[in-house]
Amino acid sequence: MKLIIEDKEKIADAISEVFLKTVTEKPDCVLGLATGSSPVMTYQKIIEKAKERKVSFKKVHTFNLDEYLNNHDETQSYRYFMDHNLFYGIDIEKDNTNFPTEENYEHYDEMIGQAGGIDLQILGIGADGHIAFNEPNTPFDSKTHIAKLEEQTIKDNSRFFASEKDVPTHALTMGLSTIMKSKKIVLIATGKNKKEAVRKMFLKEDISCPASILLSHPDVTIYADEEANPNK
Ligand code: GLP
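Residues numbered from 1 in each chain as written. Predicted model: local features only at pLDDT ≥ 70, side-chain atom pairs only at ≥ 80, totals over all residues. Heavy atoms only, no water.

1. Regarding the sheet that holds strand 1 (residues 2-5)
- Across the sheet, seven strands lie side by side as 1-10-9-6-2-3-5; this open sheet has parallel pairing. Unpaired on one side and paired on the other, strand 1 and strand 5 (97-98) mark the two borders of the sheet.
- Bridge analysis of strand 6 (residues 120-123) against strand 9 (residues 185-189) gives three bridges, and the strand direction is parallel. For Q121, the partnering residue across the bridge sits in strand 9 and is I185. (Pairing = 2+ DSSP bridges. Helix = DSSP H or I, 4+ residues; strand = E, 2+ residues; numbered from the N terminus.)

2. Let's talk about helix 3 (residues 78-85)
- Looking at helix 3, one finds that the buried residues are Y78, R79, F81, M82 and D83.
- Buried residues belonging to helix 3 abut strand 2 (30-33), helix 2 (40-53), strand 3 (61-64), strand 4 (66-68), strand 5 and helix 5 (151-157). (Buried < 20%, exposed > 50% of the residue type's maximum accessible area, 1.4 Å probe, protein only. Contact = heavy atoms within 4.5 Å.)

3. Some details on the pattern of salt bridges
- On inspection of all chains with the given rule, the structure shows 14 salt bridges.
- For K45, the salt bridge goes to D13, with nearest N and O atoms at 3.7 Å. With a gap of 32 residues between them, K45 in helix 2 and D13 in helix 1 (residues 8-25) connect regions that are remote in the sequence. (Salt bridge = Lys/Arg side-chain N within 4 Å of Asp/Glu carboxyl O.)

4. What to know about the pairing of strand 9
- Summarising burial for strand 9: five of the five residues are buried, a large majority.
- Of the two faces of strand 9, the one holding I185, L187 and A189 and the one holding V186 and I188 are both buried throughout.
- Relative to strand 10 (residues 220-224), strand 9 is paired through five bridges, and the arrangement is parallel. Looking at strand 10, one finds that I185 is bridged to V220.
- Once the chain exits strand 9 it traverses helix 7 (residues 195-203) before rejoining the sheet at strand 10, and the crossover so formed is right-handed. (Right-handed = clockwise from strand over helix to strand, strands pointing away.)

5. Some thoughts on helix 7
- All of the buried residues in helix 7 are A197, V198 and M201. For helix 7, the angular spread of buried residues about the axis comes to 100 degrees, placing them on one side.
- For helix 7, the elements touching its buried residues are strand 9 and strand 10. (Arc of directions from axis to C-beta.)

6. Quick word on the packing of helix 2 against helix 3
- Direction vectors running N to C along helix 2 and helix 3 enclose 40 degrees, while the axes themselves pass 10 Å from each other. In terms of axis orientation, helix 2 runs oblique to helix 3. Of helix 3, the residues touching helix 2 (which contributes V40, Y43 and I47) are F81, M82 and N85.
- Broken down by class, the residue content of the contact of helix 2 with helix 3 amounts to five nonpolar, one polar and no charged. (Axes fitted to C-alpha atoms, helices over the stretch in contact; angles between N-to-C directions. Parallel < 35°, antiparallel > 145°, perpendicular 65-115°, else oblique. Nonpolar A, V, L, I, M, F, W, Y, C, P; charged D, E, K, R; others polar.)

It is worth stressing that arrangement in space is one thing and function is another; only the former is reported here.
Pasting the structure below:
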């Protein structure tokens, strides 16, 4: 697992380059996408650079990591987030963009496999070490499933909602084994509330820190800013 320390803008620059290289080299690649504040600047850079360099996403398929369950506000859905932060800015076909739903989640891993497997997966990390919505103590062999959100995660994500009680209590999420099948993984960790999670993920594989499963993946790069630098 590689660790790169950079400021937020350089992180977004570097990861947008990895994305565009993947799409340029393999125009029908499969991308695994994340929501949250961590990838927002990366998505902006992808939009700008794809326009400049005329990179087409027409043949690209995407699979998002997760989606809220029983969410009553469409504007808080991860589909809405992706449409507004990335999809509307590039020429991707809506039919090629996938999210776990109550109808498809039991087949989501198979759907990813049938599309050829994820070539590049982008991840954020929760303050408690979660990736996607795999909270602490999620089995390492988990597939796409329904997860109950921890209190800490509900608190953290309430900043996007009118109040904490509006945050859904459950979500559909790729499992840890689903994520581990990705060929290449990049993870963004910025801000001081991520430092402890990053420190823990480098210690040893332990289900109390779901992100630590990445230690045994052959191609993972962690991009952290100074505030989340575990060695400081
Ligand atoms: C959410 C998402 C995760 C995301 C994490 C960090 O719970 N389900 O996929 O990585 O929070 O979010 P942020 O990037 O906003 O800090």
